[in-house]
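Given next are the chains, with one letter for each unit.
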Amino acid sequence: MATKKKTIRTIPQDRTPMREVDPQVRAKNFEEVACGYNLEEAVRESERCLLCPDQPCVAGCPVGIDIPGFIKKINEKNLRGAFDVLTDTNLLPAICGRVCPQENQCEGVCTVGESLEATAIGRLERFVGDTAIKEGWVNIPHIEPNRFKVGIVGSGPAGMACAADMAKAGCDVTVYEAFHLPGGVLRYGIPDFRLPNSVIDAEIRKLEQLGVKFECNTLVGRLFTIEQMIDELGFHAVFIGVGAGYPTGMNIPGDSLNGVLSANELLTRCNLMNAKAFPKFDTPLPIGRRVAVVGAGNTAMDATRVSLRLGAEKVYCIYRRSRTEAPARVEEVHHAEQEGVEFHWLTNPVAIIDDGRGNVRGMRCVSMELGEPDDSGRRRPVVIPGSEFDFETDVVVYAIGTNANPIMGQTSKVKLNKWGYIGADDSLATSVAGVFAGGDIVTGAATVIEAMGAGRKAAISMKKYLGIRDAEQPYLSGLQGGADTLFGIDLRERNFARVRINPDSSAIPSTTQA
Amino acid sequence: MANFEIIRREDFSPVTYLLEVRHPLMAKAARAGQFVIVMQSEQGERIPLTIADYDRKNGTITLVIQAVGKTTMQMQQECQVGTSLYGLVGPMGIPSPISHAKKVMCVGGGLGVAPIFPQARAFKEAGAYVIAVLGFRNKELIFWEDKFRACCDQLILCTNDGSAGMKGLITDGIRMALEGHKNIEEAIAIGPPVMMKACAEATRPHKIKTMVSVNPIMVDGTGMCGGCRVKVGDQVKFACVDGPDFDGHLLDFDDLMSRLQRYTKVEKMAAERWSDSCRMTKQVGPSALDALLPGQVEQKDLLELPDPFEEVQGG
């Protein structure tokens, strides 16, 4: 039935809505807000994909998921098939379906979106990912072990994606994480109501089933250096995916008062350390009656909504540009607004006012208007003279961006660029042989899926560096993770020992015997 | 899950204790001035503790802790030999630069005496003449006198009540050292911020470079939360990745002390709740012994101290 010719007139005109918990109820707890599709809703929404020949969505996806392919399977109610297509390219559908900025990626270029609302690709992806977790589906390919040891620094999305690809190629993969739990930004940054911890746990378990080992409580750089990993610990290749979590300060008077904290601190205390369950958990996070969050990215939205759930009566979001320029996902701004966050667009803080005892009493702001476009193409906000005003608040949270973490630069010879991020070439190789890097630590703050894309790209380069034949390379040049491959392993070759193209011919027998 | 086993424990006083934890990799990597973050249990908080010593041969690191808050009190009760810590990560921070100064003064106040030890030893190994100035409240709280005697050329011991060494504040000891030695090239001070501030003020007129080791409130210890930011000169620095050692003549101590008060209220609440729950499980019915329980003493202690973290860390 799916092969029947569909046109924009014959498909369901309206996007299938996703059920959500009532804003009044959910603003008081940490349960997930969006409930996800059920089978019926998913099949209906899958009808809305035209299966157009151009497939702009595939090109719009940073990892190139065969989107029409998996949607077609949903339409056929073949959910296992849909999962297989998805996991060919995307390791973490349940996560990406929730946190990707689809409106700027696949859905933003969807053909249906030209005349109607775009097909809800993200929601469909999440539906398949959730079904897989519920059913316990895992795609574990035949893995032929080789003699290579690969070390991954950082267990966030970039590290996880790279680890999966290297494990599938037969390497012995160890992922190092400084925190006591793996997941990186997925764990400490994104709150439960957007991405439940159980989903992260499930996705990490999948990696463990591929043979990936996670070593927490390990601060690479300080416990051992990148160079030591190669020279002493026996790693043949290393991937650095440590993210860019060093928060940018506001640099205005009063920014070191008590009650001024970074969104990172707020979110880490709440998500990773469970401050929301204080005193059952020991980490405190007194939130105050009124909270002002500065910034309008996804992190800022998370901070506003976490503050509400921690019991703040009033939560303000302060942003110097207008709503159109806000970098957050549209859905996040919408959810925050529904839950009662008060938005102050075109407003910029100039000072934080103290109560005389070292605490925050309020904030001084100026109003802005939009001027000429700046380098980023967005209209530059300009101060309106004489528009200064004060308002009262007990806590100020700043979410205005992050910088590169300095630890790698302090402890290794890996070259950094002028902004302090790790310098990498197009193949994501760094200045040190065998060491690759990707994700935010190379590009600066970006998205989960972009980091995963970088992790996978680095994995391709690492395989090449190690001399592991990448199934895609000889036969399917130019095609990355097409429908016929499973994380770089050609499905047609599942049962064959992998052949490694390696100038060191003495190494070949050991692999073929294995 | 990694296993961070406690292989030795020593109680210096009713509130001060030492834990030696097995971690061969860290013992190999640790250098003077670095710190670790400890999580005692899955529900616990992450607390920064300065590494007081490390034994590369036996693969252990040593922490000296004062029970002042909920977590350190609970650790005092539960961290026995043979048990393990849930989380232990480090060594964190930039190691203290051990210069080739010929004469160095190492100042340690209270629990700060523990983390100053590896620095004193490192300077001695680098060939310096090392003067240690150690301050304690009273004789009962003194620890590691022998360790310092073994690696220092001169030891000035002060107690607030005169029960051991010279009577007076640590600044009196510093003054004595400065009078006795005109050619001190460098000073290092670790202790509560008030003490470090006083030490920096004492050396300022003599233009002696003075490094202090700060321990503000931290969550991750990897440069991610920004909770440990301090003002140094006109710059904002993160103690966890840019420190923990800073120039004492440039550091804004008032800002540091004010920021350490951030969670005082909830910390006190948690500590009280914890002592109460201990009392309930230990005692059957109300008892006149209540007044003698450690909980009472520690609560009093809490009120006296500027900040639990600070004392826990010793600097």
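Structure shown above.
Conventions adopted
Residues numbered from 1 in each chain as written. Chains lettered and ligands numbered in written order. Predicted model: local features only at pLDDT ≥ 70, side-chain atom pairs only at ≥ 80, totals over all residues. Heavy atoms only, no water. Helix = DSSP H or I, 4+ residues; strand = E, 2+ residues; numbered from the N terminus. Buried < 20%, exposed > 50% of the residue type's maximum accessible area, 1.4 Å probe, protein only. Areas by Shrake-Rupley, 256 points an atom, 1.4 Å probe, with all protein chains shown as cover. Rg over C-alpha atoms; globule rule 2.2 N^0.38 Å. Contact = heavy atoms within 4.5 Å. Lys, Arg positive; Asp, Glu negative; His and termini not counted. Charge placed at Lys NZ, Arg CZ, Asp CG, Glu CD. Phe/Tyr/Trp six-rings, centres within 6.5 Å; stacked < 30°, edge-to-face > 60°. Salt bridge = Lys/Arg side-chain N within 4 Å of Asp/Glu carboxyl O. Arc of directions from axis to C-beta. Polar contact = N/O pair within 3.5 Å; in protein donor to acceptor, adjacent residues only side chain to side chain. Buried area = accessible area lost by both parts, 1.4 Å probe. Pairing = 2+ DSSP bridges. Axes fitted to C-alpha atoms, helices over the stretch in contact; angles between N-to-C directions. Parallel < 35°, antiparallel > 145°, perpendicular 65-115°, else oblique. Nonpolar A, V, L, I, M, F, W, Y, C, P; charged D, E, K, R; others polar.

Draft legend 1. How the structure looks around the overall build of chain B. Along the backbone of chain B there are 11 helices and 16 strands. In chain B, which comprises 315 residues, the share counted as buried stands at 61%. Of the roughly 12300 Å² that chain B leaves accessible, carbon and sulfur atoms contribute 54%.

Draft legend 2. Broad picture of the overall build of chain A. Broken down by element type, chain A carries 19 helices and 18 strands. Computed over its C-alpha atoms, the radius of gyration of chain A comes to 24 Å, within 12% of the 24 Å expected for a compact globule of 514 residues. In terms of overall dimensions, chain A has C-alpha extents of about 75 × 60 × 50 Å along its principal axes. Buried positions account for 60% of the 514 residues belonging to chain A. Taking the intrachain contacts of chain A between residues at least 6 apart in sequence as the baseline, contacts between residues at least 24 apart amount to 70%. Chain A carries 57 positive and 64 negative side-chain charges, and their two centres are separated by 2 Å.

Draft legend 3. Seen up close, the environment of A:Gly297. All names here are of chain A. Along the chain, the position of Gly-297 falls in the loop between strand E7 (290-294) and helix H13 (298-309). For Gly-297, a relative accessible area of 16% translates into the label buried. In sequence terms Gly-297 and Ala-328 are 31 residues apart; their C-alpha atoms lie 4.1 Å from each other. Residues within four places of Gly-297 in sequence aside, it is in contact with Pro-327 and Ala-328.

Draft legend 4. Geometry of the packing of aromatic side chains. All names here are of chain B. Counted according to the given criterion, the structure contains 16 aromatic pairs over all chains. Taking 6.4 Å as the distance between ring centres and 80° as the angle between the ring planes, the aromatic pair formed by Phe-12 and Trp-144 counts as edge-to-face. Pair noted here: Phe-12 is in the loop between strand E1 (4-11) and strand E2 (16-22) and Trp-144 is in the loop between strand E9 (129-136) and helix H4 (145-151), with a separation of 132 residues, a long-range link. The same class applies to Phe-12 and to Trp-144, which are both buried. Relative to Trp-144, the ring of Phe-117 has its centre 5.5 Å away and its plane inclined at 65°; by these criteria the two rings are edge-to-face. Of this pair, Phe-117 sits in helix H3 (residues 113-125) while Trp-144 sits in the loop between E9 and H4, and the two are 27 residues apart along the sequence. In this structure, Phe-117 and Trp-144 share a single accessibility class: buried.

Draft legend 5. Looking closely at the pattern of salt bridges. By the definition in use, this model includes 47 salt bridges over all chains. The salt bridge involving A:Glu32 is made with A:Arg126; its shortest N-O contact spans 3.4 Å. Placement of A:Glu32 in the loop between helix H1 (23-26) and helix H2 (39-47) and of A:Arg126 in helix H7 (residues 121-135) is noted, with a sequence separation of 94 residues between them. Judged by its relative accessible area of 5%, A:Arg126 is buried. The salt bridge partner of B:Lys70 is A:Asp282, with a shortest N-O separation of 2.7 Å. Here A:Asp282 lies in the loop between helix H12 (263-272) and E7 and B:Lys70 lies in helix H2 (residues 70-78), a pairing that spans two chains.

Draft legend 6. Quick look at the side chain of A:Thr283. Its place among the elements puts A:Thr283 in the loop between H12 and E7. Look at A:Thr283 and you get buried, because its relative accessible area is 4%. Once you skip the residues sitting within four places of it in the chain, A:Thr283 turns out to touch A:Arg269, A:Met273, A:Ala275, A:Phe278, B:Gly44 and B:Glu45.

Draft legend 7. Focus on helix H8 (residues 253-260) of chain B. All names here are of chain B. Phe-253, Asp-255, Leu-256, Arg-259 and Leu-260 are the residues of H8 that are buried. One side of H8 carries all its buried residues, which in axial view fall inside an arc of 160°. Backbone nitrogen of Asp-254 and a side-chain oxygen of the N-cap are separated by 3.2 Å at the start of H8; the cap is Asp-252.

Draft legend 8. Molecular detail of the interface of chain B and chain A. Each partner contributes residues to the interface: chain B has 51 residues there, and chain A has 40 residues. For the pair chain B and chain A, the two sides together bury roughly 3700 Å², of which 56% comes from carbon and sulfur. Three residues, B:Met224, B:Arg229 and B:Tyr263, lead the burial of chain B against chain A; their summed loss comes to 17% of the area buried on that side. Here chain B is connected to chain A by three salt bridges. If you look at where chain B meets chain A, you find 19 residue pairs in polar contact (both at pLDDT 80 or more). For the side of chain B that touches chain A, the secondary structure elements donating two or more residues are helix H1 (24-29), H2, strand E7 (87-92), strand E14 (229-232), helix H7 (239-242), H8 and helix H9 (264-282) of chain B. The leading source of residues in the side of chain B that touches chain A is E7(B), at six residues.

Draft legend 9. Spatial organisation of the sheet that holds strand E1 (residues 149-153) of chain A. Residues and elements named next belong to chain A. Strand order in this open sheet of five strands is E3-E2-E1-E4-E16, and the pairing throughout is parallel. Sheet topology places strand E3 (213-215) and strand E16 (435-437) at the edges, where each strand pairs with a single neighbour. Across this sheet, the average inter-strand angle for adjacent strands is 20°, counted without regard to direction.

Draft legend 10. Structural detail: the environment of A:Asp440. All names here are of chain A. Here Asp-440 is to be found in helix H16 (residues 440-443). Residues Asp-440 and Ala-454, spaced 14 residues apart in sequence, show a C-alpha to C-alpha distance of 9.2 Å. Those residues in contact with Asp-440 that sit more than four places away from it in its chain are Gly-243, Ala-244, Tyr-421, Ala-445 and Ala-446. Among the polar contacts made by the side chain of Asp-440, one reaches the main-chain amide nitrogen of Ala-446 at a distance of 3.0 Å.

Draft legend 11. Layout of unusual backbone geometry. Residue and element names in this part refer to chain B. Here the residue pair Gly-90 and Pro-91 is connected by a cis peptide bond, since its omega of -5° sits within 30 degrees of zero. Of the consecutive residues Gly-243 and Pro-244, the connecting peptide bond is found in the cis state with omega at 10°. The topology assignment puts Pro-244 in the loop between H7 and strand E16 (245-247). Even without being glycine, Trp-144 reaches a positive phi, approximately 60°. Given a relative accessible area of 8%, Trp-144 falls into the buried group.

Draft legend 12. Fine view of the packing of helix H4 (residues 67-75) of chain A against helix H5 (residues 79-89) of chain A. All names here are of chain A. Taken N-terminus to C-terminus, the directions of H4 and H5 make an angle of 170°; their axes are 7 Å apart at the nearest point. Viewed along their axes, H4 and H5 adopt a mutual orientation that is roughly antiparallel. On H5, the residues that touch Gly-69, Phe-70, Lys-73 and Ile-74 of H4 are Leu-79, Gly-81, Ala-82, Val-85 and Leu-86. A class-by-class count of the residues in the contact of H4 with H5 yields six nonpolar, two polar and one charged.

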